[in-house]
Amino acid sequence: MLKDKIANAPSKLSVSYRVLLATVGGFIFTLIVTVFTPELFLWAFGWNKATSLMWMMLLSFGVYCGLVMWIIATRKLLKTSLILLLCGVALSFSFIQLQSHNAGKPAETEVTS
Amino acid sequence: MTWLHTWAGLVVGWILFAVFLTGTLAYFQFEITQWMLPDVKQHATPEKAVAQAQDYLEKQAPDSPGWSITLPDERSPITTIFWRDPNASNGRGFEFAVLDGDGKKIEQRETRGGNFLYRFHFDLHYMPVFIARWLVGICAMLMLIAIVTGVVIHKKIFKDFFTFQAGKGPRSWLDGHTITSVFALPFHFMITYTGLVTLMLMYMSSAVSLSYGDRGEFFNDLQSQPPKLQASGESANLADLQALYFKAREDIKGNPIRLAQISHPGDTNATVTFYEAPTQSLMSDYTTLTYSAVTGEQLHVQPVKNSAELTRRTMIGLHAGRFADTQLRWLYFFSGIMGTLMIATGLVLWFEKRKKKLQASGNLSFGHYLVSGLNAGFIMGLPLAVATYFLSNRLLPISADNRAELEIAWFFFGWLLMVCYPLLRGAKKTWRDGALLNGLAYLSLPFISFITVDRHLLNYQYPRDWPLFGMDTSFILTAAAFLGLTWYLFRKWNSKETQNDVER
């Protein structure tokens, strides 16, 4: 019913939060994923970090797009927010750990592909 | 999803319209430049351009720490030279000159040509490029979101394609919007994504900083870089750069070269680096070759081998269509026009839908009038801006000061005229009068050329002047389209004049 639809319409604050989370939060999360993955690949498989970083940057626009769509469309905003926050923090910590671990390793010979 | 699609599209729609229109025209930037330099009848060729440029630079800038020569090719008839000069008049540390086929600097009818439209579509104008590129990037990201959500909300894509109904208000605008979107959907998605990739290193610079403290280290990790020799302080004569050019072409199996950069000319450590042009095919090695500019010894050859870097460059190549031949180039252009119309119909649809809903209850808000005015001002204004830019090329005095910047000012004047028009006569009249103005402006272009320059539609020589013929023909067809629109709008609204009209 239209009356119910109006009564249940999201508040301006809720919409603003959603948009902020999507644009700013989504960008930050994308950045974290973009820099975390090359460290992971270097540590786990020994893949050249610059190459992985380049691939992740190429994909980052798609990742960001997907995140924005998810955040705007989700019916469970709180759950989504918590997932993003927890994963973001976890990946950030892992990134910092992996980065210092990888930096401690001896320099690699150049990998060209 | 619909909410996201609508608002993402509206917020950036006007800038995107400008970006798409000028970007589409940029596919023919060299042909546009040819039309805007009708006095350059002798095309520059790369076989002579290097020697001509060296000649010019040795006289003009023998002490400059760096020269840069953009070579001509079949589509571009001029040689563009840049050189570093700390005392440059523009305050940005470099000077430039454009040479014609005889190696003489072009001083008459100075113009930025088609290159202005190309640069505008990501650098905009009258603002720092850093801000412009971020602004355009944000718009492009929202466009990507609009495209993907557009597909998601339009699940019956193919069925609706065949049920187009004209003349039925918002429903028809929706159909128009859907058709132009779907018709070239792969292109729209590709062009938006690759557009973002083109400036990826700027948008994701934080990622590079976080991952590598030093940007240089990142590029070094990707592939070996050419040596950067410091000036030794001892002078030495420059070798014959044209001969080195031929040597470089041999080394890349005859592929064309787009750029030559010379470091420390006149020094014993002078080097020249040639950059392969990715114009032969979509896949290129993007080889750079560095030689000593004194002894001619080859110092460094680097084809790109890294798969990720190759992917990035190929995506940029896809966006710019550098590899495209004439037919493919027209296909790019046609797809770009579809994209431009997609944005235009989307903007109009937004307003028409709300107008229909609110017409019953009465008042549209200021925001609605703003959208309506901006729609008319931009959609009629941008084409008019392009027309006035071309007109200024024919009408401004040949030796005016800052002539190139004056032509650009005329571009913005045409745009401003249409953006202000709704304030004076209302949005509706802006559509009708704007269509008429555009029609007359484009129609006048071939005629004004006939009066003001000695190379025009009636005396073109072929095959040299096919691009100019193409330009004039396009003007006439564009004029026909706008005049047709004018006639249609006159008839449609004159017959309704007796009815009560809610819209201002």
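Residues numbered from 1 in each chain as written. Chains lettered and ligands numbered in written order. Predicted model: local features only at pLDDT ≥ 70, side-chain atom pairs only at ≥ 80, totals over all residues. Heavy atoms only, no water.

Turning our attention to the overall build of chain A. Within chain A, the secondary structure is distributed over four helices and zero strands. Listing every helix and strand of chain A by position from the N terminus yields α-α-α-α. Per-residue burial over chain A gives 40% buried out of 113 residues. When contacts within chain A are restricted to residue pairs at least 6 apart in sequence, those whose partners lie at least 24 apart make up 73%. On chain A, roughly 6,900 Å² of surface is accessible, and the fraction owed to carbon and sulfur atoms is 72%. (Helix = DSSP H or I, 4+ residues; strand = E, 2+ residues; numbered from the N terminus. Buried < 20%, exposed > 50% of the residue type's maximum accessible area, 1.4 Å probe, protein only. Contact = heavy atoms within 4.5 Å. Areas by Shrake-Rupley, 256 points an atom, 1.4 Å probe, with all protein chains shown as cover.)

Moving on: the layout of surface pockets. Residue and element names in this part refer to chain B. Considering only enclosed or pocket space, the second largest pocket measures out at about 910 Å³ in volume. Every residue lining the second largest pocket is counted, 35 residues in all, and those nearest its centre are His5, Thr6, Ile153, His177 and Leu349. When the residues that make up the lining of the second largest pocket are grouped by side-chain class, the tally is 21 nonpolar, eleven polar and three charged. (1 Å grid on protein atoms, 1.4 Å probe; cavity = no way out; pocket = protein on both sides within 12 Å on 5 of 7 lines; lining within 4 Å. Points joined across faces, edges and corners; volume = space filled by probe spheres on them. Nonpolar A, V, L, I, M, F, W, Y, C, P; charged D, E, K, R; others polar.)

What follows is about the interface of chain B and chain A. Frequently, the measure chosen for interface size is the accessible area that the parts lose on association. Taken together, the contact between chain B and chain A spans 35 residues of the former and 32 residues of the latter. When chain B packs against chain A, close to 2,900 Å² is buried across both sides, 79% of that on carbon and sulfur atoms. Summed over the shared surface of chain B and chain A, the number is eight residue pairs in polar contact (both at pLDDT 80 or more). Listed by contribution, the elements that provide at least two residues to the side of chain B that touches chain A are α1 (2-26), α5 (129-153), α8 (185-198), α9 (200-203), α10 (205-211), α11 (215-222) and α13 (307-320) of chain B. A per-class count over the side of chain B that touches chain A returns 23 nonpolar, eight polar and four charged. (Buried area = accessible area lost by both parts, 1.4 Å probe. Polar contact = N/O pair within 3.5 Å; in protein donor to acceptor, adjacent residues only side chain to side chain.)

This next bit is on the pattern of salt bridges. Between side chains of opposite charge, a pair can form when the charged atoms approach closely. Residue and element names in this part refer to chain B. For the structure shown, the criterion picks out 17 salt bridges over all chains. With its nearest N and O atoms 2.9 Å apart, the salt bridge here joins Arg75 to Glu31. You can see Arg75 sitting in the loop between β1 (66-70) and β2 (79-84) and its partner Glu31 sitting in helix α2 (residues 29-36), a full 44 residues away along the chain. In this structure, Arg464 and Asp465 form a salt bridge, with 2.9 Å as the shortest nitrogen-oxygen distance. Accessibility expressed as a relative area gives 0% for Asp465, which makes it buried. Look at the salt bridges and you will find they share partners, linking Arg119, Asp123 and Arg133 into a network. (Salt bridge = Lys/Arg side-chain N within 4 Å of Asp/Glu carboxyl O.)

Another point: the sheet that holds strand β7 (residues 298-302) of chain B. Residues and elements named next belong to chain B. The strand order across the open sheet built from seven strands is β3-β2-β1-β4-β5-β6-β7, with neighbouring strands paired in antiparallel fashion. Edge positions in the open sheet fall to β3 (94-99) and β7, since each of these has one partner strand only. Across the sheet, the axes of successive neighbouring strands diverge by a mean angle of 15 degrees, strand direction being ignored. Sheet topology note: the β1/strand β4 (residues 257-263) ladder contains five bridges and is antiparallel. Across the sheet, Ser68 pairs through a bridge with Gln261, a residue of β4. Across the sheet, helix α3 (residues 46-60) lies against β1, β2 and β3, angled at about 35 degrees from β2, the strand it touches most. Taken strand by strand, helix α12 (residues 241-251) contacts β4, β5 (271-276), β6 (288-292) and β7, and its axis lies near 140 degrees from that of β6. (Pairing = 2+ DSSP bridges. Axes fitted to C-alpha atoms, helices over the stretch in contact; angles between N-to-C directions.)

This part is about the environment of B:Gly114. Residues and elements named next belong to chain B. Looking at where Gly114 falls in the secondary structure, it is placed in helix α4 (residues 113-123). Relative accessible area serves as the criterion here: at 0%, Gly114 is assigned to the buried category. Taking the C-alpha atoms as reference points, Gly114 and Met36, separated by 78 residues in sequence, lie 8.1 Å from one another. For Gly114, the contacting residues outside a window of four places in its chain are Gln29, Ile32, Thr33 and Met36.

Residue and element names in this part refer to chain B. Per the UniProt record, the feature "transmembrane region" (unreviewed entry) sits at residues 7-28, 131-153, 174-203, 330-351, 372-392, 408-424, 436-453 and 473-490. What you have in residues 131-153 is 100% helix and 0% strand, and the ends, taken at the C-alpha atoms, are 33 Å apart. Secondary structure across residues 372-392 comprises 100% helix and 0% strand; the distance between its end C-alpha atoms is 29 Å. (UniProt positions renumbered as here; feature names shortened; annotations may be inferred.)

Spanning 14 residues, α8(B) covers 20 Å between terminal C-alpha atoms, matching the ideal 20 Å at 1.5 Å per step. Counting buried residues along α8(B), ten of its 14 residues qualify, which places the element largely inside the surrounding structure. (Expected span 1.5 Å × (residues − 1).)

We now examine the packing of α8(B) against helix α14 (residues 326-361) of chain B. Residue and element names in this part refer to chain B. At their nearest, the axes of α8 and α14 sit 10 Å apart, and the two run at 90 degrees to each other. Our classification of the angle between α8 and α14 gives roughly perpendicular. For the pair α8 and α14, the contacting residues are Phe187, His188 and Met190 in the first and Tyr332, Ser335, Gly336, Met338, Gly339 and Met342 in the second. (Parallel < 35°, antiparallel > 145°, perpendicular 65-115°, else oblique.)

Take the side chain of B:Thr178 next. Residues and elements named next belong to chain B. Structurally, the position occupied by Thr178 is in helix α7 (residues 170-183). Since its relative accessible area comes to 12%, Thr178 is described here as buried. A polar contact of 2.6 Å, which involves the side chain of Thr178, links it to the backbone oxygen of Leu174.

Before going further, it helps to spend a moment on the domain arrangement of chain B. Residues and elements named next belong to chain B. Structurally, chain B comprises domain 1 (1-39 + 110-223 + 325-362), domain 2 (42-107 + 224-305) and domain 3 (366-504). Distance between the C-alpha centres of domain 1 and domain 3: 21 Å. Tallying the contact residues gives 35 residues for domain 1 and 39 residues for domain 3. Across the interface of domain 1 and domain 3, roughly 3,300 Å² is buried in total on both sides, 73% from carbon and sulfur atoms. Joining domain 1 to domain 3, the criterion identifies zero salt bridges. Remark: the boundary between domain 1 and domain 3 carries ten residue pairs in polar contact (both at pLDDT 80 or more). Per-element tally for the side of domain 1 that touches domain 3: the top contributor is α14, with ten residues. Residue composition of the side of domain 1 that touches domain 3, grouped by class: 23 nonpolar, seven polar and five charged. (Domains from an automatic or database assignment.)

As a further point, take unusual backbone geometry. Residue and element names in this part refer to chain B. With an omega of 10 degrees, the peptide bond running from Tyr462 to Pro463 counts as cis. Within the fold, Pro463 resides in the loop between α16 (403-452) and α17 (466-494). A positive phi angle, near 45 degrees, is found at Leu124, a position not held by glycine. Checked against the element boundaries, Leu124 lands in the loop between α4 and α5. For Leu124, a relative accessible area of 12% gives the class buried. Positive phi is not limited to glycine here, since Asn402 has a value of about 55 degrees. For Asn402, the location among the structural elements is in the loop between α15 (366-395) and α16.

Moving on, we get to the state of the cysteines. Counting across every chain of the model gives zero disulfides over all chains. In this structure A:Cys87 is not part of a disulfide, and its nearest cysteine sulfur, from A:Cys65, lies 19 Å away. B:Cys139 takes part in no disulfide bond, and the closest cysteine sulfur, belonging to A:Cys65, lies 15 Å away. (Disulfide = S-S within 2.5 Å.)

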